[in-house]
Amino acid sequence: MFTLAELAEKLSARLVGDGSVLISGIAPLYRATQGEITFLLSPTYKSLLADSKASAIVMSKEFLSDYSGNALIVDNPNLTHAQLAAFFVKTTEFSPGIHPSAVVAATATVDPSASIGAHCVIGERVKIGPKTRVGHGTVIGDDCSLGGFCHLASNVTLYNNVKAKDRVTIHSGVVIGADGFGLVNHQGRWIKIPQLGGVSLGNDVEVGANTTIDRGAMDDTILEDGVKCDNQIQIGHNVVIGAHTAIAGCVGIAGSSKIGKHCMIGGASAIADHVEITDQVILTGGAQVSQSITEPGIYSSGCPVQPRLQWHRQVIRTRQLDQLFHRVKKLEQASDEHDHD
Amino acid sequence: MFTLAELAEKLSARLVGDGSVLISGIAPLYRATQGEITFLLSPTYKSLLADSKASAIVMSKEFLSDYSGNALIVDNPNLTHAQLAAFFVKTTEFSPGIHPSAVVAATATVDPSASIGAHCVIGERVKIGPKTRVGHGTVIGDDCSLGGFCHLASNVTLYNNVKAKDRVTIHSGVVIGADGFGLVNHQGRWIKIPQLGGVSLGNDVEVGANTTIDRGAMDDTILEDGVKCDNQIQIGHNVVIGAHTAIAGCVGIAGSSKIGKHCMIGGASAIADHVEITDQVILTGGAQVSQSITEPGIYSSGCPVQPRLQWHRQVIRTRQLDQLFHRVKKLEQASDEHDHD
Amino acid sequence: MFTLAELAEKLSARLVGDGSVLISGIAPLYRATQGEITFLLSPTYKSLLADSKASAIVMSKEFLSDYSGNALIVDNPNLTHAQLAAFFVKTTEFSPGIHPSAVVAATATVDPSASIGAHCVIGERVKIGPKTRVGHGTVIGDDCSLGGFCHLASNVTLYNNVKAKDRVTIHSGVVIGADGFGLVNHQGRWIKIPQLGGVSLGNDVEVGANTTIDRGAMDDTILEDGVKCDNQIQIGHNVVIGAHTAIAGCVGIAGSSKIGKHCMIGGASAIADHVEITDQVILTGGAQVSQSITEPGIYSSGCPVQPRLQWHRQVIRTRQLDQLFHRVKKLEQASDEHDHD
């Protein structure tokens, strides 16, 4: 519970209205009510301002004229949303220490301020830094290291030799360090190439639920500082992802590809192996990248849905396209001859 | 083991032939043998009727003329398949009670008829209803609630504040309630927006293996009654899925999108964020939805495979399409001039 | 640690240079240094040979003229990479026996040379063969069987009735035997068809992290000998995958489809249900297969990315394609008339 004036100070926001009003939570604009603070995050919802029952609204200054209640005026309401939500998140208390049901190797070093959940298994020579929390049922292989203030949720699996720096978050169902898909075909059979590299995660990396990151063949697979991965992503062996790149859900990145810094990879994109994508590239959802991208910019591919019959006709027409080019060429030749008649 | 007459009665089917024959299992038509009952589910397989060694066949009445053995005549053999299979499924016995290796918070309420598997972890204030079975290694976060007759398989993870009503089935590897992918870019770095909502699952929802459903940012992510999800699906934060909608495998649904009731979403479809799809929409496999769909119907996108060289030529031709339009325009102008000569 | 002469003998390679040099590891060509052996796997990197500090390089004979150091000459350096890496892989020691925290049914049979990790749960009548290693937190359902020399990583889930032959590798997060997505629509609601089949994995099958393989409806879902699956793959009920087929990450294969032997399925491909793909088919990444493929060969689909504006124009043009065909037809008719004037 905060007064609006306290929040204004914490957020370096300009206070408009009654600073003594008490704020006990946040809620979206359409349903925020007394005691709650809310946000105008898009001009689309401007019309909801007048009737809002929220105790205060965060907005940028141009909307003040549409509103007469308590407000916090900021430059970037989205950023303020992130900051405010952090004040109200109910974090489960993790008491330091190792749950008695966890199995921890004698050679592992767990900081006394760290917390290891029930039924975890911690391998040989693992190092776990201060204030790092490990959920229940998580398995950490030999020679892994986690920095400080990390959070591994429940049922995470790290194979051996995975290194994470500080403030790394790994969600449930994530598997890091499984073997890369390295195979050689020999007389019709697949021979496995043992994968000897590891995986290295920089500071502030976040890895979404059920994402998989394979270990490198000889070098490490690398996610640099500040990389954010959504759920259900597959990152192949020896991939390098540049700092502060964000990857949305269901993306696949095949082996040995390099993604630049400050990229945004749209959901369900697929990136082939051995491709390089430079810095500051935006791929929209469903992008298929089969060759390197050397210029920053926005790239797209894919075919948005159509009513089925229309789509079917288009598929057929597209298949006749080569033929159409020939027909047009013929017409051009005929027209040419005609001109020269 | 049932007599055919007993099955006819249970299924409200018309019995043709010997009702005293004993049925001990089901099998597909091509290999069903004595003691087994089978199904004609498609006219394609009509030719197998004559030689079938099955003790009885479920079919609709129009096929009786092709067959002289024992039969159960029903309107919808697919439905009867579902009902019959239920008689023969070997369900592992779950004895009520909590496995001694499970770690259950003192404030959790587990119905005495419920069953909690080995190595489970049940959080604070969790409520688990009657006859609900939880497999092994499953972790249920604080303040979750499960209704009656639910089935959570092994190695499921629920974060805190996930609510499921009655008869909900959740398969292994599912993660429900991980943080939505809410980020704000501030000076080139991604700031996390804490996700304060929960996840709410209606009655009779089924969630396939390794599917992920993120918690909402402020509101809940919602799957209404009777929603069926296959495996490896990603459902983003604040998504709402209408009652009795079925979603096939590998689908991705980005944040804040709303799917209507009674929809069928084909496998590997990708639905962008903030999109609304009305009721009774069918998306065929691989559909890419980037805008709202306001009319019921069947929608498609995508390019079925071709032999590689043909496909390659088509990609090139498609990229020259704009140019082709200009060439045709020029021809039309020339033709026009010619007409007016 | 091996001498180069020892490695030459083990690998049946031709030794060039000093056989007494000691080799303690492998590394990629760009950074291999003294004590390490490396590989020339592609002519692209030929220029790195001269300056390499590696103690020896594996190559095919045509590159010897570019290099004056120690070498092992082989026909297939990729194959030699696989063999050499196997000499240097640090395998965690798995001591035989059952971890005291594992819960093993009294009716299960675990070979005394097998190893069962911490917090595992092994169901009724399970059979586990010699030298098979099961990681931590893995759950194996009733009536499963694993042959000899298998490796199940940590946090794997097998439902009941999954059979794996010898030398099968299953990575973390894999779920095998969850219910196939079998539903019948009855009056607007989905009725579940209980899935009574199992899953059967041949010798030398490998299943990548977080891949899911559903149990069959009545028959088994089958992966034949030597099938290799990467991560995040979904294999529907009753699918049959022929021997020695390799499937890259993020592929979805819908129910009842049959893939031939010696196929290569590119990443993020999607294969519809009830499709048959013959032997020796290669699908490139992102292929969408909606109909059977009866001829061996290479098949592709999809649209590689373009700069966004270009892509957008192409989408519009493609939608006008049908109209363009009509315009060209009209021109052809006009031209025809002109010719007959």
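As a reminder, the structure under discussion sits directly above these lines.
Reading the values: rules and limits
- Residues numbered from 1 in each chain as written.
- Chains lettered and ligands numbered in written order.
- Predicted model: local features only at pLDDT ≥ 70, side-chain atom pairs only at ≥ 80, totals over all residues.
- Heavy atoms only, no water.
- Helix = DSSP H or I, 4+ residues; strand = E, 2+ residues; numbered from the N terminus.
- Rg over C-alpha atoms; globule rule 2.2 N^0.38 Å.
- Buried < 20%, exposed > 50% of the residue type's maximum accessible area, 1.4 Å probe, protein only.
- Contact = heavy atoms within 4.5 Å.
- Areas by Shrake-Rupley, 256 points an atom, 1.4 Å probe, with all protein chains shown as cover.
- Patch = residues over 30% accessible without salt bridge, like charges linked within 9 Å, V, L, I, M, F, W, Y side chains within 5 Å.
- Salt bridge = Lys/Arg side-chain N within 4 Å of Asp/Glu carboxyl O.
- Lys, Arg positive; Asp, Glu negative; His and termini not counted.
- Charge placed at Lys NZ, Arg CZ, Asp CG, Glu CD.
- Buried area = accessible area lost by both parts, 1.4 Å probe.
- Polar contact = N/O pair within 3.5 Å; in protein donor to acceptor, adjacent residues only side chain to side chain.
- Nonpolar A, V, L, I, M, F, W, Y, C, P; charged D, E, K, R; others polar.

Caption draft 1: Focus on the overall build of chain A. Secondary structure summary: chain A contains 4 helices and 40 strands in total. Relative to the 2.2 N^0.38 estimate, which gives 20 Å for 341 residues, the radius of gyration of chain A is 27 Å and therefore markedly larger than a compact globule would have. Counting only C-alpha atoms, chain A reaches 90 × 65 × 35 Å along its principal axes. Residue burial in chain A is summarised as follows: out of 341 residues, 58% are buried. In chain A, of all internal contacts separated by at least 6 residues, the share reaching a separation of at least 24 is 18%. Counting only carbon and sulfur atoms, one obtains 51% of the accessible surface of chain A, whose full area is about 14,000 Å².

Caption draft 2: Summary view of a negative patch on the surface. Side chains of Asp336, Glu337 and Asp339 of chain A, Asp336, Glu337 and Asp339 of chain B together with Asp336, Glu337 and Asp339 of chain C sit close together on the surface and give a patch of like negative charge. Counting residues per element, the ones that place at least two in the negative patch are helix H4 (321–340) of chain A, helix H4 (321–340) of chain B together with helix H4 (321–340) of chain C. Residue position: Asp339 of chain A is located in helix H4.

Caption draft 3: Looking closely at unusual backbone geometry. Even without glycine at this site, Gln187 of chain B takes up a positive phi of about 55°. By secondary structure assignment, the location of Gln187 of chain B is in the loop between strand E22 (183–186) and strand E23 (189–192). Phi is positive for Arg125 of chain C, close to 60°, though the residue is something other than glycine. Relative to the helices and strands, Arg125 of chain C is located in the loop between strand E12 (121–122) and strand E13 (127–128).

Caption draft 4: Layout of the interface of chain C and chain B. Across the boundary between the two partners, chain C contributes 67 residues, which contact 69 residues of chain B. On the chain C side of the contact with chain B, Phe181, Trp190 and Met218 of chain C bury the most area, a combined 14% of that side's loss. Counting the contacts that link chain C with chain B gives 5 salt bridges. Put simply, Asp219 of chain C and Arg31 of chain B hold a salt bridge, and the shortest N to O gap is 2.5 Å. The interface formed by chain C and chain B includes 28 residue pairs in polar contact (both at pLDDT 80 or more). With 7 residues, H4 of chain C is the largest single contributor of residues to the side of chain C that touches chain B. Grouping the constituent residues of the side of chain C that touches chain B by class yields 32 nonpolar, 26 polar and 9 charged.

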